[in-house]
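Spelled out from the first residue to the last, the chains are:
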Amino acid sequence: MAIEVFTWCPKVEPVGTTSFRNKSAKFGDGYEQRAKDGINNRSESWPLTFVGARAKIMLIKDFLDARAGADPFYWTPPLGTQGLFRCDSYQTSPLGAEIFSLTATFEQAFHP
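What comes next concerns the included structure. Computed from a prediction, not measured in an experiment: that's the story for all the values here.

1. Focus: the sheet that holds strand E5 (residues 73-75)
Phase 1 of the analysis: Read across the sheet, five strands follow the order E1-E4-E7-E6-E5 without closing on themselves; strand pairing throughout is antiparallel. A strand with exactly one partner marks an edge of an open sheet, and here the two such strands are strand E1 (17-20) and E5. Strand-to-strand, the axes of this sheet are offset by a mean angle of 35 degrees, without reference to chain direction.
Phase 2 of the analysis: Pairing of E5 with strand E6 (residues 83-96) involves three bridges; the strand directions are antiparallel. Residue pairing across strands places Phe73 opposite Phe85, the latter belonging to E6.

2. Some points on helix H1 (residues 54-67)
Phase 1 of the analysis: The terminal C-alpha atoms of H1, which comprises 14 residues, lie 20 Å apart, in line with the 20 Å expected from a rise of 1.5 Å per residue.
Phase 2 of the analysis: Among the residues making up H1, those that are buried are Ile57, Ile60, Phe63, Leu64 and Arg67. Seen end-on, H1 carries its buried residues on one side only, within an arc spanning 120 degrees. Of the exposed residues in H1, those oriented more than 90 degrees away from the buried face are Ala55 and Ala66.
Phase 3 of the analysis: On the buried face of H1, the contacting elements are strand E4 (42-53), E5, E6 and strand E7 (99-108).
Phase 4 of the analysis: Trailing H1 by a residue or two, Ala68 shows a phi angle of about 50 degrees, which is positive.

3. Here we look at the pattern of salt bridges
Phase 1 of the analysis: Scanning the model with the defined rule gives seven salt bridges in all.
Phase 2 of the analysis: One salt bridge connects Arg54 with Glu98, and the closest N-O pair in it is separated by 3.0 Å. A residue pair is termed long-range when its members are at least 10 positions apart, and Arg54 in helix H1 and Glu98 in the loop between E6 and E7 qualify at 44 residues.
Phase 3 of the analysis: Exposure remark for Arg54: the relative accessible area of 43% places this residue in the partly exposed category.

4. Regarding the nonpolar core
Phase 1 of the analysis: Judged by nonpolar contacts, the single largest core of 16 residues is most densely connected at Phe6, Phe50, Leu64, Phe73, Trp75 and Phe106.
Phase 2 of the analysis: With sequence-adjacent residues up to four places away left out, Phe6 is seen in contact with Phe50, Ile60, Phe63, Leu64, Phe73, Tyr74, Trp75 and Phe106.

5. A look at unusual backbone geometry
Phase 1 of the analysis: Unlike most non-glycine residues, Leu79 shows phi in positive territory, near 60 degrees.
Phase 2 of the analysis: In this fold, Leu79 is placed in the loop between E5 and E6.
Phase 3 of the analysis: For Ala97, which is not glycine, the phi dihedral falls at a positive 55 degrees.
Phase 4 of the analysis: Topologically, Ala97 is positioned in the loop between E6 and E7.

6. Re the packing of aromatic side chains
Phase 1 of the analysis: Here the structure, examined in full by the defined rule, presents 13 aromatic pairs.
Phase 2 of the analysis: Following the ring pairs from residue to residue traces out a cluster consisting of Phe6, Trp8, Trp46, Phe50, Phe63, Phe73, Trp75, Phe85 and Phe106.

7. Notes on the pairing of strand E2 (residues 22-26)
In regular strands, side chains alternate between the two faces of the sheet.
Phase 1 of the analysis: As defined by bridge partners, E2 adjoins strand E3 (residues 32-36) across five bridges and the pair is classed as antiparallel. Bridge assignment links Ala25 to a residue of E3, and that residue is Gln33.
Phase 2 of the analysis: Counted along the chain from E2 to the antiparallel partner E3, the turn is five residues long, and its residue Gly30 has a positive phi close to 95 degrees.

Conventions adopted
Residues numbered from 1 in each chain as written. Predicted model: local features only at pLDDT ≥ 70, side-chain atom pairs only at ≥ 80, totals over all residues. Heavy atoms only, no water. Pairing = 2+ DSSP bridges. Helix = DSSP H or I, 4+ residues; strand = E, 2+ residues; numbered from the N terminus. Axes fitted to C-alpha atoms, helices over the stretch in contact; angles between N-to-C directions. Expected span 1.5 Å × (residues − 1). Buried < 20%, exposed > 50% of the residue type's maximum accessible area, 1.4 Å probe, protein only. Arc of directions from axis to C-beta. Contact = heavy atoms within 4.5 Å. Salt bridge = Lys/Arg side-chain N within 4 Å of Asp/Glu carboxyl O. Core = buried A, V, L, I, M, F, W, Y, C linked by side-chain atoms within 4.5 Å. Phe/Tyr/Trp six-rings, centres within 6.5 Å; stacked < 30°, edge-to-face > 60°.

Here you go:
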């Protein structure tokens, strides 16, 4: 199955978080030894908000529903390069006059 590309633009100024996964061992004298945990120990998370007419938000909702939090998709974060991401959950909210918002967090994914 081909991996699809998420092409919708979020509201301006999304704030992403970069996390590093490390293993550590602390010793009695205050010394701590740290090491990277795996080859993909750096990952990104992006909380995003999309606002638009019902039809636009439904397309985004359908795209995310089709992957059900399990299948990754390609997305390009700000200041980044295209990579694999997943979305485990999202929230929708009516804003009035047939305008809706959808808030989702994209978590970086990696090939097995």
